[in-house]
Amino acid sequence: MLTRGGTAQCSRSCSVVRYLTQTWSVISSCGVYVYIGPGSTQGEFLCNIAVSQKESSEMMRFMLLFSRQGKLRLQKWYTATAERDKKKMVRELMQIVLARKPKMCSFLEWRDLKIVYKRYASLYFCCAIEEQDNELITLEVIHRFVELLDKYFGSVCELDIIFNFEKAYFILDEFLMGGEIQDTSKKSVLKAIEQADLLQEEDESPRSVLEEMGLA
Amino acid sequence: MPAVSKGDGMRGLAVFISDIRNCKSKEAEVKRINKELANIRSKFKGDKALDGYSKKKYVCKLLFIFLLGHDIDFGHMEAVNLLSSNKYTEKQIGYLFISVLVNSNSDLIRLINNGIKNDLASRNPTFMNLALHCIANVGSREMAEAFASEIPRILVAGDTMDSVKQSAALCLLRLNRTSPDLVPMGEWTARVVHLLNDQHLGVVTAATSLITTLAQKSPDDFKTSISLAVARLSRIVTSASIDLQDYTYYFVAAPWLSVKLLRLLQCYPPPEDAALRSRLTECLETILNKAQEPPKSKKVQHSNAKNAVLFEAISLIIHHDSEPTLLVRACNQLGQFLQHRETNLRYLALESMCTLASSEFSHEAVKTHIETVINALKTERDVSVRQRAVDLLYAMCDRSNAKQIVAEMLSYLETADYSIREEIVLKVAILAEKYAVDYTWYVDTILNLIRIAGDYVSEEVWYRVIQIVINRDDVQGYAAKTVFEALQAPACHENLVKVGGYILGEFGNLIAGDSRSSPLVQFNLLHSKFHLCSVPTRALLLSAYIKFINLFPEVKATIQEVLRSDSQLRNADVELQQRAVEYLRLSCIASTDILATVLEEMPPFPERESSILAKLKRKKGPGNLPDIDDARRNVNGNTEHTEKTETTNKSSFSLVADLLPINRPRPASSSPIMLSAGTMGSTPSFTDLLNLNSTPTAGASLLVDVFSDSSTLASVEVSDENFPRFVCKNNGVIFENQLLQIGLKSEYRQNLGRMYVFYGNKTSTQFLSFSSSVTCSDTLKNHILSTSHLIVPSQLLHFSCGAQVQQILNIECVSDFTDAPVLNVQFRYGGTLQNIAVKLPVMLNKFFQPTEMTSQDFFQRWKQLGAPQQEVQKIFKAKHPMDTDVTKAKILGFGVALLDRVDPNAENFVGAGVIHSKNTQVGCLLRL
C-alpha cells in the first residue's frame, strides 16, 4: 500500500508525501483537524484536538468590552483559554464586529460559537455563547449589565470603566458567575457592591498625595 | 480624569492610568509601563515591608498593565498575601488578580487554596462569596479536588445566606463542568432540587442553572425537578397578579428564570403525568398567547425579554415534538417574525424554523413560508441572515419543492458572498441528488454548479456526479451529451473538463453516432482543453484518451500521435510521462481483446453515504445540520445512508486504479496491467479519485469529544496476550472478547509502516460513542517512535451490530525502540462505558528489510561485529522438535532474509537484514 509501483527512489518519496497527505485528509474528515508533517509535535496534536472537543452544556464562554477604536476595555473568560488564543480571538472578533453596519442583526456565528453583541455609545459589549443558548436573553444580559454600571457610576461612560476597571469586574462578578447569571435583580447586585464599598470606606485611612503617588 | 465615584482610594493608580492615556505613542506607553514595573518590582523586593494598602495598589497596577496586553511575571506572591488580609478591599483585589492571572503554578495554588479555605470557613458571607467566586473563576482541578465536597454542604446548609447559596450553586456548576468526576453526588442532590421552591428568586435562578447541568448528565437523579419546574413556571407565566418586584424586567415577569426553567424541561421528554402535562401545555399556550398581545412597552428590552421566553418555549415545543397544535402555532408565530422589522427577530425566526422543518407535524406548515424565505434570500442586507435563509431552504426542501429551491439557490449562488459559496454548492449538490426524480435534472444541476461556481465545487461534488452516472445507466447517454455540449463553451472550468473527460472516456460511444459528436470531434474537443489544465487533470485526460482507443479504433492513430509527441513522452512531469509511455505501449502491443478487457467500462460503485453529505457535516459539525435524512423523506433509495463498512474496507484495497478496472481477480502475470497498477499507485489524483479509499466516511457525529476521558484509560489493564503471535506475522486477531474483535493487518516498508485496525462488533446492538486512540509510553514517545508520525485517525462512530469498521495507523520508526504503543478503545455498550487497551505489535523487527549476501560477505561482516556490545547470544531449549520449514517461515516472518548455504554447518540458520529507521539504518546478522 505504502509504495506501490515505481522502484526509482524518486517515486518512492513521492508516494510517501502522498501517504502523509492522505493521512491528513483521513484525520480531518473525522472532524479533528490535525496537522501532520515533519514539524508537528505532540503539543500541537493535543492542542488541536482540544479545540474540537465540544461541551454539551450551555453557558457564556466569554464577554468582551471594547471601544470603537478597537481598544479592549474589559474581558472575562469563563472557560480556561490560553493567553495566546485569547489575544487571537479578541483580535479576530473585534475586527468582525467593528466591520458590521448598524442595522445588521446582533447575532453572528463564529467558529463553533454564537456571538451576541450590542453597541452602547462608544463601547461594544460582546458575548460568546454556545449553540443552544438563547440569543435574546443574552442581549438582555448585556443590557442589564449596562444598567448596573450606569446605576453604580451614575450614567456610565467609557472613562469610568477605564479608571475603575476593578469595580467593573466586581460588578460583573456579582452579576455573572461561571458564565451563568447569578442574580437578575438590580437591587441585589448593587446591594452587594455597595456593601463592599462601605467596608472599603471603613478601611481607608487618609493619605498624603505624595504617598499616593508612590513618591513618599 | 473623571470624578471618581464612591469608595475609591487608589489615587496612585488613577494617576498611572492617566499617564498611560496621555502617552502619545506606543513607545512612550511601553516606556511608562517599564518604569512602573521597575518601580513596583523594587517596592516588592525592598527591605521595607509594604503595608496592605500599597500592596493592593501595586497589585492593581500590575493587573491594569496585564489587561493592557503586557506580560506580567511577578506579583503573584503579593496577590496571594492579600488574600489573608482581613480588609475586604485588599482581599478583593487579591482575588481579582488571581482570577484574571492565575497560572497553574502548583505552589501558588496550594497557598491560594489555603486562603480560600479560611474564607469559606469564616462564616462572613462577603468573604465566602469572594472565595466562591475565585473557585468558579479559576475552576482548576486542584481547586476542584480541594473544595468539591465542601461546596455542596454550604449550598444545602440551612443557615447559609441567600447570596452565598447563589454563589455556591454556580460555583458547583462550574466545578461540575470542569471536573465532573470530582463532584460527589449524594444526599445533597435531592435537597438541591428543592431549591426550586425557594422564596428567593435569585436562589431559584442560580439553582435552576445547576440542576439543568446536572440533569443533562444524570437525568434520572433529577426527575423530581420536572414537576417543581412546571409549577414554578406556571406561577410566573400564568398568574398575572403576582408581584415579582425587582425580578420583573421591563414588564416581563422573571424572563431569565423562565428561560432557564424551559431549558431545564428540555432535558426531559414530555411529562408522563397527565395533569402535569396539561399544566405545562397551558403555560406554553399562555406564552404563545402573550406574543399576540399588544406590547406593554415600546422599549426593545421589553420585546426582547418577552421573545426570549417565547423562543425558548418554542424550543421546548420542538424538543417534545408531540403536540401538533402547539407546533403549528409556533410555526405561525415564527412566520409572523419572518417579516418583522427587527433584523434580530427575522434571524431567529429563520433559525428556529430550521428545526421546526424537521418535525413531521410542522414540516408542511413551514413549507408554506417558502416565498418569504426566498424573498429574504434576495433582499436581506445582512449576510448572516441570508445564511440562515439558505439553511432554512435546505431544511424545508422535499420532493415537492426541490426544483424550485434548487433553482433559487443556484440563482442566488451567482451573487452570493464568497464566504458561504462552498456551503451552498454542497447543499445544492445534496438536494439535487436526494430529490432527483429524473437524473437528467441532477446532471444539469451539477453542471450548472460547475459553471456558476466552479472554484467552489470541491472534489467530493464532482466525484459524486461521476459515481452516480456510472451507477445509473439510464442517465449515461444524457450525461455524455450534456458534458459534450457544456465543453463547447469557449472558457470552461477545469472541473468541467475533469467530469467531461471521465464521462466521455466511459460513455463517449453513446453519442458517437451523431456526426456532430463523432469520436474525432469528441477527442479534439477534449484535447483543445488539455494544455490549459493542471497536471492531475491532464493525467485524467490521458486515461480518457486510452479509453477512447478502446471505444473508437478509428481514432487510435490520432491518439497515438498525441501520446507519442515530445510534450507527452518527454514531459517534465514524471506521472504524465509515465502514463504517456505506458498507454502508448499498451495501445501498440495489446490485442483488441486485451484492450477491451483492460479498458472495460468501470464497474458500479458500492452504494454508501454521499461523500458530499459527509463533507457538509464536517463543515457544519454534528447537530448543526438539520437531518434531512429521516425515513419520512427518504425518497431515493439508492442515495440513502447505507453505511456499509465492509464495502469501504474492500474498496480501500481494490480500488487501486479506477479507470482501468483491474480490481477484479486476474492472473498476476498479465504484464501490461501490472505496469499500469504501478503507475496508478504513485498517482495522487488517481488512487484518490472518487475518494474510495478514504476510510472514515462513517458515522454521523464525527465531532463529538474523541479524546476526552483519556485520564480514565490509564487504569485499564493492557491486553497483550496475543502480542507474541505477531512477532513473526503481520495479520491476525489481536484482541477478542464477547463484544468486540480487533483484527490487524499491517504492512511495513523501510522505516514506515501502516497498520489497518479492524473493529468488529460481535453483539446485536449498537456501540455508542466508539472511539479509539493510540498512546505511547513516555520513553517510546521521546526516543523511539516519532509520535508525530504515529497518527491516529480518530474515528468516532456509533456502529451497529455485526458491522466492521476500519482504522488506519501510520507508523514511522525514528530510531530503535523496545516498547510497544497501546491502542485504547472506548465505547458505550448497554449504557456502560467499556475500555479496552491492547498492546499493538509494532516491534523493531517489523522495520527489517531482508538483505541477500554471499557466504563470504556474511562472515566478513560477522567478524567485523566482534565488539561485545554488538553481539547478543542466547541459548534456549527448544520447546518443540525443530522443524526446518517452520523455523524457516518464522525467520522470514521475523523480517530478515534467509541465507541458504552460507554457514558451514548445514543445521544452522542464517539471516541478514537492515533495520530502517528515520535516523539510521542498522544492519543485523543472525545465526540460529
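Residues numbered from 1 in each chain as written. Chains lettered and ligands numbered in written order. Predicted model: local features only at pLDDT ≥ 70, side-chain atom pairs only at ≥ 80, totals over all residues. Heavy atoms only, no water.

(A) Highlighting the overall build of chain A. Across its full length, chain A holds eight helices and seven strands. Long-range contacts, defined here as pairs at least 24 residues apart, represent 46% of the contacts in chain A between residues at least 6 apart. By element, 57% of the accessible surface of chain A is carried by carbon and sulfur atoms, the whole surface being about 9,100 Å². (Helix = DSSP H or I, 4+ residues; strand = E, 2+ residues; numbered from the N terminus. Contact = heavy atoms within 4.5 Å. Areas by Shrake-Rupley, 256 points an atom, 1.4 Å probe, with all protein chains shown as cover.)

(B) Inspection of the overall build of chain B at higher detail. Scanning chain B from terminus to terminus reveals 41 helices and 15 strands. A total of 928 residues make up chain B; the buried ones form 57% of that total. The long-range fraction of contacts in chain B, counting pairs at least 24 apart against all pairs at least 6 apart in sequence, stands at 70%. Put simply, chain B shows about 39,500 Å² of open surface, and 51% of that area lies on carbon and sulfur atoms. (Buried < 20%, exposed > 50% of the residue type's maximum accessible area, 1.4 Å probe, protein only.)

(C) Looking closely at the packing of helix α27 (residues 494–507) of chain B against helix α29 (residues 535–551) of chain B. Residue and element names in this part refer to chain B. Running from amino to carboxyl end, α27 crosses α29 at an angle of 20 degrees, the nearest separation of the two axes being 8 Å. What the angle tells us is that α27 and α29 run roughly parallel. Crossing handedness for the pair α27 and α29: left-handed. Contacts between α27 and α29 involve Glu494, Val497, Lys498, Gly501, Tyr502, Leu504, Gly505 and Glu506 from the first element and Thr537, Leu540, Leu541, Ala544, Lys547, Phe548 and Leu551 from the second. Broken down by class, the residue content of the contact of α27 with α29 amounts to eight nonpolar, three polar and four charged. (Axes fitted to C-alpha atoms, helices over the stretch in contact; angles between N-to-C directions. Parallel < 35°, antiparallel > 145°, perpendicular 65-115°, else oblique. Left-handed = near helix turned anticlockwise from the far one by under 90°. Nonpolar A, V, L, I, M, F, W, Y, C, P; charged D, E, K, R; others polar.)

(D) Quick look at the sheet that holds strand β2 (residues 72–77) of chain A. Residue and element names in this part refer to chain A. Spatially, β2-β1-β5-β4-β3 is the arrangement adopted by the five strands of the open sheet, whose pairing is antiparallel. Looking along the sheet, the strands with just one partner apiece sit at the ends: β2 and β3 (107–110). The mean inter-strand angle of the sheet, taken between neighbouring strand axes irrespective of direction, is 20 degrees. (Pairing = 2+ DSSP bridges.)

(E) Representation of the packing of helix α6 (residues 165–175) of chain A against helix α3 (residues 52–67) of chain B within the structure. Between α6 of chain A and α3 of chain B, the shortest axis-to-axis distance is 10 Å and the interhelical angle comes to 85 degrees. On the basis of their axis angle, the class for α6 of chain A and α3 of chain B is roughly perpendicular. Where α6 of chain A abuts α3 of chain B, its residues Phe165, Glu166 and Tyr169 of chain A lie against Cys60, Leu63, Phe64 and Leu67 of chain B.

(F) Up close: unusual backbone geometry. All names here are of chain B. Phi is positive for Phe251, close to 70 degrees, though the residue is something other than glycine. Inspection of the secondary structure puts Phe251 in the loop between β1 (248–249) and β2 (252–253). For Phe251, a relative accessible area of 51% corresponds to the exposed category.

(G) Geometry of helix α21 (residues 383–396) of chain B. In this model, α21 of chain B (14 residues) spans 20 Å end to end at C-alpha, consistent with the 20 Å of a helix rising 1.5 Å per residue. Taken across its 14 residues, α21 of chain B has 13 buried, putting it largely inside the fold. (Expected span 1.5 Å × (residues − 1).)

(H) Spotlight on the side chain of His369 of chain B. Residues and elements named next belong to chain B. Among the structural elements, His369 can be located in the loop between α19 (363–367) and α20 (370–379). For His369, a relative accessible area of 13% puts it in the buried group. Dropping the residues within four chain positions of it, His369 is found in contact with Cys331, Gly335, Leu338 and Met353.

(I) How the structure looks around the environment of Asp173 of chain A. Locating Asp173 of chain A in the fold gives a position in helix α6. Using a relative accessible area of 9% as the deciding quantity, one classes Asp173 of chain A as buried. A sequence separation of 97 residues divides Asp173 of chain A from Lys76 of chain A, and the C-alpha atoms of the two residues are 9.3 Å apart. Every residue in contact with Asp173 of chain A, bar those within four places of it in the chain, is listed here: Lys76 and Gln182 of chain A together with His133 and Asn137 of chain B. In this structure the side chain of Asp173 of chain A is engaged in a polar contact, spanning 3.1 Å, whose partner is the side chain of Lys76 of chain A. (Polar contact = N/O pair within 3.5 Å; in protein donor to acceptor, adjacent residues only side chain to side chain.)

(J) Broad picture of the packing of aromatic side chains. Throughout the structure, instances matching the rule amount to 21 aromatic pairs over all chains. Relative to Tyr347 of chain B, the ring of Phe107 of chain A has its centre 5.7 Å away and its plane inclined at 50 degrees; by these criteria the two rings are tilted. Taken together, the positions of Phe107 of chain A in strand β3 and Tyr347 of chain B in helix α18 (residues 343–356) put the pair across two chains. Across the pair, Tyr347 of chain B and Phe107 of chain A agree in class, each one buried. Their ring planes at 75 degrees and their centres at 6.2 Å tell us that Phe44 of chain B and Phe74 of chain B sit as a pair that is edge-to-face. With Phe44 of chain B in helix α2 (residues 26–45) and Phe74 of chain B in the loop between α3 and α4 (76–83), this residue pair connects regions lying 30 residues apart in the sequence. For Phe44 of chain B, a relative accessible area of 16% puts it in the buried group. Take Phe74 of chain B: its relative accessible area is 13%, and that puts it in the buried class. One aromatic cluster is present, built from ring pairs that chain together Phe66, Tyr117 and Tyr124 of chain A. The ring of Phe74 of chain B is capped by Arg41 of chain B, whose NZ or CZ atom sits 4.3 Å from the centre of that ring. Sitting over the ring of Phe127 of chain B, Lys91 of chain B keeps its end group 4.5 Å from the ring centre. (Phe/Tyr/Trp six-rings, centres within 6.5 Å; stacked < 30°, edge-to-face > 60°. Lys NZ or Arg CZ within 6 Å of the ring centre and 35° of its normal.)

(K) Region of interest: the side chain of Ser384 of chain B. Position of Ser384 of chain B relative to the elements: it lies in helix α21. The exposure class assigned to Ser384 of chain B is buried, which follows from its relative accessible area of 10%.

(L) Summary view of the environment of Thr89 of chain B. Residue and element names in this part refer to chain B. Along the polypeptide, Thr89 turns up in helix α5 (residues 88–101). For Thr89, a relative accessible area of 3% gives the class buried. With 33 residues separating them along the chain, Thr89 and Lys56 place their C-alpha atoms 8.2 Å apart.

(M) Geometry of a positive patch on the surface. A cluster of like positive charges, contributed by Arg84, Lys87, Lys88 and Arg91 of chain A, occupies part of the molecular surface. Relative to the elements of secondary structure, Lys87 of chain A occurs in helix α3 (residues 83–98). (Patch = residues over 30% accessible without salt bridge, like charges linked within 9 Å, V, L, I, M, F, W, Y side chains within 5 Å. Salt bridge = Lys/Arg side-chain N within 4 Å of Asp/Glu carboxyl O. Lys, Arg positive; Asp, Glu negative; His and termini not counted. Charge placed at Lys NZ, Arg CZ, Asp CG, Glu CD.)

(N) Here's a closer look at the confidence of the model for chain B. All names here are of chain B. Looking at chain B as a whole, its pLDDT mean stands at 78, while 78% of the residues score no less than 70. When mean pLDDT is compared element by element in chain B, helix α14 (residues 255–265) scores highest at 95, while helix α36 (residues 671–681) scores lowest at 32. Segment residues 622–715 is flagged for pLDDT under 50; beyond a separation of four residues in sequence, or across chains, it makes 227 contacts in the model. We note a pTM of 0.66 for the whole complex and an ipTM of 0.73 for its interfaces. (pLDDT = per-residue confidence, 0-100.)

(O) Here's a closer look at the pairing of strand β5 (residues 123–129) of chain A. All names here are of chain A. Summarising burial for β5: seven of the seven residues are buried, a large majority. On β5, burial covers both faces: Leu123, Phe125, Cys127 and Ile129 on one face and Tyr124, Cys126 and Ala128 on the other are all buried. Where strand β1 (residues 60–67) lies against β5, seven bridges are found, and the strand directions are antiparallel. Its bridge partner lying in β5, Ser67 is registered against Leu123. Bridge count for strand β4 (residues 113–120) against β5 is seven bridges, and the pairing is antiparallel. When the bridges of β5 are listed, Arg119 appears paired with Tyr124. In sequence, β4 turns back onto β5 through a hairpin of two residues, with Ala121 there showing a positive phi of about 50 degrees.

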